Amino acid sequence: MLDDRNETPIVSRGFVGRRRAENASLPPGQYLTEDFPVLSAGPTPKIALDDWQFTLTTEDGAARKWNWKEFRALPSVSITTDIHCVTRWSKLATAWEGVSLDTLLDGVTTAATFAMAQSYGGYTTNLPLADLRGAKAWIAFRFGGENLAPEHGGPARLLVPHLYLWKSAKWIRGITLMLQDRPGFWESLGYNNYGDPWREQRYWGD
Ligand SMILES: Nc1nc2c(c(=O)[nH]1)N[C@H]1C(S)=C(S)[C@@H](COP(=O)(O)O)O[C@H]1N2
Ligand SMILES: [Mo]
């Protein structure tokens, strides 16, 4: 009697434990990939470094601008992180170099709580300003030790790896801080407003 009662829970606990260990780095519904798929809603814009500019705009319309030389003179950091695409591929331990949004936002006075990332080519994506702060978001310009390839967002892209990768706007051109939230490109087409892969927030209503 006692033996029977003890055996079943021990076996099922062990099973659950093994499955957890195997999938510890993988959010629900994701699979691992070794290659780096390209997902772009339109053509890859061609941006000469001489013409590149990044603009940070507050809710008052006040803007800070960096040209490529000024941007690259900012302190940059190496980032090793897992990335998760809503189309279900995840890639572990990707290596990037970029400028932290904390650096770009340093000294900016704002009452905004939301942000809209804007790309060359017209793509947009929204996220809470808090998700850009606290060493969670970067403007990345190198991947795997090489300059970021144009199809992956070069010269520079937003990298916000704790959210699904559609939030990581390629060919970033600016970020606008907003007092009120507004949906970006995919968010207005039914994708989740926040996009936490660990809570599987793929679509509106998830
Ligand atoms: N400007 C821009 N950024 C974008 C996209 C896009 O179409 N345009 N696609 C998003 C989506 S849906 C994903 S999954 C990732 C893909 O990045 P990758 O092509 O480097 O894999 O970029 C995101 N950033
Ligand atoms: Mo995506």
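Throughout what follows, the structure given in this document is the object of discussion. Keep in mind it's a predicted model, so treat the numbers as computed, not measured. (Residues numbered from 1 in each chain as written. Chains lettered and ligands numbered in written order. Predicted model: local features only at pLDDT ≥ 70, side-chain atom pairs only at ≥ 80, totals over all residues. Heavy atoms only, no water.)

Some thoughts on the site of ligand 1
Close to ligand 1 lie 19 residues; Pro37, Ala41, His152, Arg157 and Lys170 are nearest. At 2.6 Å from an oxygen atom of ligand 1 is found a main-chain nitrogen or oxygen belonging to alanine 41. Contact distances for ligand 1 include 2.7 Å between an oxygen atom and a side-chain N or O atom of arginine 157. The fraction of the free accessible surface of ligand 1 (530 Å²) that becomes covered by protein chains is 97%. In the shell around ligand 1, the residues fall into 13 nonpolar, four polar and two charged. (Near = heavy atom within 4 Å. Polar contact = N/O pair within 3.5 Å; in protein donor to acceptor, adjacent residues only side chain to side chain. Areas by Shrake-Rupley, 256 points an atom, 1.4 Å probe, with all protein chains shown as cover. Nonpolar A, V, L, I, M, F, W, Y, C, P; charged D, E, K, R; others polar.)

Side note on the packing of aromatic side chains
Counting across every chain of the model gives 15 aromatic pairs. Here the aromatic residues Tyr123, Tyr164, Trp166, Phe185, Trp186, Tyr191 and Tyr203 are joined through ring pairs into a cluster of three or more. (Phe/Tyr/Trp six-rings, centres within 6.5 Å; stacked < 30°, edge-to-face > 60°.)

Considerations on the environment of glycine 184
Along the chain, glycine 184 falls in the segment after strand E11 (172–178). Taking the C-alpha atoms as reference points, glycine 184 and methionine 116, separated by 68 residues in sequence, lie 7.1 Å from one another. With near-sequence residues (within four places) excluded, glycine 184 lies in contact with Met116, Thr124, Thr125 and Asn126. (Helix = DSSP H or I, 4+ residues; strand = E, 2+ residues; numbered from the N terminus. Contact = heavy atoms within 4.5 Å.)

Notes on the sheet that holds strand E3 (residues 63–67)
The strands making up a sheet associate through hydrogen bonds between their backbones, and the pairing can be parallel or antiparallel. With mixed pairing, the five strands of this open sheet are ordered in space as E3-E2-E11-E6-E7. Either end of the sheet is taken by a strand with one partner, and the two such strands are E3 and strand E7 (124–128). With direction set aside, neighbouring strand axes in the sheet form an average angle of 15°. Sheet topology places strand E2 (residues 53–57) next to E11; three bridges connect them, and they run parallel. (Pairing = 2+ DSSP bridges. Axes fitted to C-alpha atoms, helices over the stretch in contact; angles between N-to-C directions.)

Focus on the nonpolar core
In terms of nonpolar packing, the biggest core is built from 37 residues, with Leu132, Leu158 and Ile175 touching the most fellow members. Where this core is concerned, the elements lending two or more residues are E2, helix H2 (68–72), helix H3 (101–105), strand E6 (114–119), strand E8 (138–143) and E11. Look past the residues within four positions of isoleucine 175 in its chain and what remains in contact with it is Phe54, Thr55, Leu56, Thr57, Leu101, Ala115, Met116, Ala117, Gln118, Leu132 and Leu158. With eleven residues, the next largest nonpolar core counts Ile79, Trp89, Trp138 and Leu159 among its residues. (Core = buried A, V, L, I, M, F, W, Y, C linked by side-chain atoms within 4.5 Å. Buried < 20%, exposed > 50% of the residue type's maximum accessible area, 1.4 Å probe, protein only.)

A short note on the environment of alanine 112
Mapped onto the elements of the fold, alanine 112 is located in the loop between H3 and E6. Judged by relative accessible area, which is 7%, alanine 112 ranks as buried. Taking the C-alpha atoms as reference, alanine 112 lies 9.5 Å from aspartate 181; in sequence the two are 69 residues apart. Those residues in contact with alanine 112 that lie beyond four places of it in its chain are Glu59, Leu129, Leu177, Met178 and Leu179.

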